[in-house]
Amino acid sequence: MEKVRIALSSLTSKVCGLLEKIEIHEQPVWTVVEQPGQAPHVALDPTRPAISEIQAGLSLRLLGMPEYKSVALAIAEEPGLQDGIIIDVLGGLQKPEETNITRALVANFLWGYLGEGTQLGWDQTRFDEAFDALIEELEKKSILFQLVVPLSNLKIEVDSIEFDEELRLAPASVEELERWLNPNDFLGVFGSGRPRWDNNYVDRPAVLHARRNVVGSPPSKSFEPGRMPRFNIGPVITALRLVMEVPTLPLFQEQRNEGLMTFGSGGTSWTRTAPPSPFQIATLDEKHSNQVKAVWDALQNSPNVDQLKLPLRRWESAISRPNLEDSLIDAWISLEALLLGGQTAELSFRAAVHLAEFLGTSGSERKQIFEEAKISYTWRSVIVHGSSSKRVAKKQSLNKTTEITLDRLRSALLRVLELPHRFDPSKLESDLLSRD
């Protein structure tokens, strides 16, 4: 590797000499200001150095430099690098190739040596340390694949929640917020693209991070999208919704890669959801974080996980619906799937009795739950059959009925998750009749 070291040292020294002569432009950047005793707010930093221009220009200028051609030749002739020097988006090792593959590796090395634009001068000791790190990564042949998912309607006060070795929930960093407040429009977007970040949503918004070490392997001749890392983030979002009682949604997803062997930094995909409303933001504190972790764990290990798939899916749909009628219908689909166990006769009565028995802790409370469920089912029937709602509306409004029904359904779902045994709704009536 000595030829590679010498050639790369010459190139790095040359690049530093060129960078010392250029003037770094300033560009206005939206940033987040945090001051003691005040809520974070967005402000314009008009004098931010345009370091990203250095990174883009660095890679583009390499092909025209004779020092780079010497590095590319040394890498191509180095026996220890013939298995691969770059890991592509599918985890495949790519062999040295001057125009793209080798240039990507060299650009990654230079950007790391330059401290991502903060240390532009030549220093032999810093070069030796950077080169040793490069050799170590080339021997490991791995990169860090990351999925960054900002969530709507949620503020997080704790430092982080660690779900497992791969999944972590934390407040958005200033770096992340700056990235979303200042989207890169260099390349056009497909379709309508990601909506602009809500400038009001900067006070520790919750961000889900998933990360996995990807070890490179010889590339397959066929396209295998299944080789990309996949993360099961659904239970985390379900747990947050159950505990926090807000329709938390992924706003979009970023794929970001770290490591000297990565080919590009990643990309962004987004969901077509409404931006978070400042009036619907819940605060995730220490108490709630423990509850979320417990519910997430139950969603992995409860003996009733399979039984809850449809009820949970319909409840999550219900809380996300803007239309109250749609929300109530989804709630009743969830309740029937959860409480009736496939029974088809006397649905309204049985569902009301089962819910009252399951959640009630006293006779008066069971009676109240029973009456609430009967009214709710009447509203459900009115909506489904297109009947007049005047009579039932006098008893209770649709808005209040939907609110109560969703709350009771949420309580029932959490209760079933907590059970150490298999939930059997058919036993609820016999339990009620056998009580002293």
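Residues numbered from 1 in each chain as written. Predicted model: local features only at pLDDT ≥ 70, side-chain atom pairs only at ≥ 80, totals over all residues. Heavy atoms only, no water.

Asker: Help me out: how do you make sense of the side chain of T102 in this one?
Answerer: On the secondary structure map, T102 appears in helix 4 (residues 101-113). Residues within four places of T102 in sequence aside, it is in contact with Y68, A72, I75, I85, P96 and E97. (Helix = DSSP H or I, 4+ residues; strand = E, 2+ residues; numbered from the N terminus. Contact = heavy atoms within 4.5 Å.)

Asker: Would you mind going over the nonpolar core with me for this structure?
Answerer: Inside soluble globular proteins, nonpolar side chains tend to come together where they are buried. Counting 125 residues, the largest nonpolar core has L8, L11, V106, L169, W197, L284 and L338 as its most contacted members. At nine residues, helix 4 tops the list of elements feeding residues into this core. With sequence-adjacent residues up to four places away left out, L11 is seen in contact with L62, M65, E67, Y68, V71, V106 and L110. (Core = buried A, V, L, I, M, F, W, Y, C linked by side-chain atoms within 4.5 Å. Buried < 20%, exposed > 50% of the residue type's maximum accessible area, 1.4 Å probe, protein only.)

Asker: Whenever I open this one, the packing of helix 10 (residues 324-339) against helix 14 (residues 398-418) confuses me. Can you help?
Answerer: Helix-helix packing is characterised by the crossing angle of the two axes and by the distance between the axes. Relative to each other, helix 10 and helix 14 sit at 30°, their axes nearing to 10 Å. Comparing the axis directions of helix 10 and helix 14 gives the class roughly parallel. Crossing of helix 10 against helix 14: the hand is left-handed. Counting all contacts with helix 10, which are made through L324, E325, S327, L328, A331, W332, S334, L335 and L338, the residues of helix 14 involved are L398, N399, T401, T402, T405, L406, L409, A412, L413 and V416. In terms of residue class, the contact of helix 10 with helix 14 is built from 12 nonpolar, six polar and one charged. (Axes fitted to C-alpha atoms, helices over the stretch in contact; angles between N-to-C directions. Parallel < 35°, antiparallel > 145°, perpendicular 65-115°, else oblique. Left-handed = near helix turned anticlockwise from the far one by under 90°. Nonpolar A, V, L, I, M, F, W, Y, C, P; charged D, E, K, R; others polar.)

Asker: For this particular structure, what's the right way to read the environment of K395?
Answerer: With respect to the helices and strands, the residue K395 is situated in helix 13 (residues 390-395). In this structure, the C-alpha to C-alpha distance between K395 and I375, residues 20 residues apart in sequence, is 7.9 Å.

Asker: What's the story with the packing of aromatic side chains in this structure? I'm lost.
Answerer: For any pair of aromatic rings, the description rests on two quantities: the centre-to-centre distance and the angle between the ring planes. For the coordinates displayed, the defined rule picks out 13 aromatic pairs. Arranged with centres 5.6 Å apart and planes meeting at 40°, the rings of W122 and F127 form a pair that is tilted. Taking the relative accessible area as the measure of exposure, F127 reaches 0% and is therefore buried. With a centroid separation of 6.2 Å and an interplanar angle of 15°, the aromatic rings of F145 and F231 are classed as stacked. (Phe/Tyr/Trp six-rings, centres within 6.5 Å; stacked < 30°, edge-to-face > 60°.)

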